[in-house]
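# Structural overview for review
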Amino acid sequence: QSALTQPASVSGSPGQSITISCTGTSSDVGSYNLVSWYQQHPGRAPKLIIYEVDKRPSGVSTRFSGSKSGNTASLTISGLQPEDEADYYCTSFTTRHKYVFGSGAKVTVL
Amino acid sequence: EVQLVESGGGLVQPGGSLRLSCVGSGFTFSDYWIHWVRQAPGKGLVWVSRVNGVGNGNYADSVEGRFTFSRDNAKNTVYLQMNSLRDEDTALYYCARVVGPTTIAGLDVWGQGTTVTVSS
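These numbers were taken from a predicted model, which means no experiment stands behind them. (Residues numbered from 1 in each chain as written. Chains lettered and ligands numbered in written order. Predicted model: local features only at pLDDT ≥ 70, side-chain atom pairs only at ≥ 80, totals over all residues. Heavy atoms only, no water.)

Attention now moves to the overall build of chain B. A count of helical and extended segments in chain B gives zero helices and 11 strands. Starting at the N terminus and ending at the C terminus, chain B contains elements arranged as β-β-β-β-β-β-β-β-β-β-β. Taking the principal axes of the C-alpha coordinates as reference, chain B spans close to 40 × 25 × 25 Å. Here chain B holds 120 residues, and the buried ones make up 52% of them. In chain B, of all internal contacts separated by at least 6 residues, the share reaching a separation of at least 24 is 54%. Working note: accessible area of chain B is about 5100 Å², and carbon and sulfur atoms make up 46% of it. Within chain B, one finds 9 positive and 10 negative side-chain charges whose respective centroids are separated by 2 Å. (Helix = DSSP H or I, 4+ residues; strand = E, 2+ residues; numbered from the N terminus. Buried < 20%, exposed > 50% of the residue type's maximum accessible area, 1.4 Å probe, protein only. Contact = heavy atoms within 4.5 Å. Areas by Shrake-Rupley, 256 points an atom, 1.4 Å probe, with all protein chains shown as cover. Lys, Arg positive; Asp, Glu negative; His and termini not counted. Charge placed at Lys NZ, Arg CZ, Asp CG, Glu CD.)

Turning our attention to the sheet that holds strand 2 (residues 18–23) of chain A. All names here are of chain A. Across the sheet, three strands lie side by side as 2-6-5; this open sheet has antiparallel pairing. If you trace the sheet from one side to the other, it starts and ends with strand 2 and strand 5 (64–69), each paired once. Averaged over all neighbouring strand pairs, the angle between strand axes comes to 20 degrees, with direction disregarded. Summarising the sheet, strand 2 and strand 6 (residues 72–77) pair through six bridges and their orientation is antiparallel. Bridged to Ile20 within strand 6 is Leu75. (Pairing = 2+ DSSP bridges. Axes fitted to C-alpha atoms, helices over the stretch in contact; angles between N-to-C directions.)

To continue, consider the pattern of salt bridges. Counted according to the given criterion, the structure contains eight salt bridges over all chains. Across the pair Glu52(A) and Lys55(A) runs a salt bridge whose closest N-O atoms are separated by 2.5 Å. Taking the relative accessible area as the measure of exposure, Lys55(A) reaches 38% and is therefore partly exposed. The salt bridge involving Arg97(B) is made with Asp108(B); its shortest N-O contact spans 2.8 Å. (Salt bridge = Lys/Arg side-chain N within 4 Å of Asp/Glu carboxyl O.)

We now examine the state of the cysteines. A complete count under the given rule lists two disulfides over all chains for this structure. Between the sulfur of Cys22(A) and that of Cys90(A) lies a disulfide, 2.0 Å long from S to S. Judged by the sign of its S-S torsion, about 80 degrees, the bond between Cys22(A) and Cys90(A) is right-handed. Of this pair, Cys22(A) sits in strand 2 while Cys90(A) sits in strand 7 (residues 86–93); the two residues are 68 residues apart in sequence, bridging distant segments of the chain. Here the two residues Cys22(A) and Cys90(A) agree in accessibility, since each one is buried. The disulfide that involves Cys22(B) links it to Cys95(B), with 2.1 Å between the sulfurs. Negative torsions about the S-S bond denote left-handed disulfides, and the value of about 75 degrees found for Cys22(B) with Cys95(B) makes this one right-handed. A residue pair is termed long-range when its members are at least 10 positions apart, and Cys22(B) in strand 3 (residues 18–25) and Cys95(B) in strand 9 (residues 91–98) qualify at 73 residues. You can call Cys95(B) buried: its relative accessible area is 0%. (Disulfide = S-S within 2.5 Å.)

Spatial relationships are all this shows, so hold off on functional conclusions.
Here is the structure:
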């Protein structure tokens with residue numbers, strides 16, 4: 001199972017909005033609404049920010065939103081803040097009933 | 001406080017074995033899927049395995065046949081028995097809980113990780 005494709009890096013200025021894409025196939029992203037997104041700061045465990053495509057866990061900022069179209073899922077961060085600088089990973093359930101993570105995207109706040 | 005704590009990592013020679021443990025607290029442990037996810041140094045997250053409350057689950061292709069999960073709900077513990085270890089299994093291993101008893105995706109509680117190093 002190949003990793004889902006994410007851009008290696010995405011950057012934006014404080015207050016701007018950025019979108020991170022996560023491209024899979026009809027065997028994973030395209031088959032289920034079971035895409036999750038994680039934020040990981042250096043040396044820290046990942047933090048769930050979106051699950052089931054567009055649901056936010058309790059306590060996660062409304063600046064984070066998720067969507068999906070076909071085989072591509074997207075995470076949008078609105079009102080970019082310095083603390084948003086981190087690595088972001090998507091993951092999807094697959095038709096083989098396994099999970100695949102994305103390659104990861106590094107977000108830089110300029 | 002809801003938390004997961006991993007242990008059991010260490011240095012092992014290629015071909016060797018290790019057993020990781022993941023102890024949960026602060027929630028009804030038996031209601032939740034528990035996943036193992038690993039991260040090699042400087043690399044991304046990789047899914048390894050999952051097990052549900054009654055001990056069923058599955059594995060990534062890269063570890064199938066070498067790794068075995070088990071679960072003891074009386075001890076709030078999930079185990080990952082890792083055999084025939086390879087250099088490429090070197091990683092920080094996290095256990096994580098699915099966000100709710102009625103879903104299968106979204107890992108909302110993570111442990112701090114335990115480091116496995118496979119080297120001669």
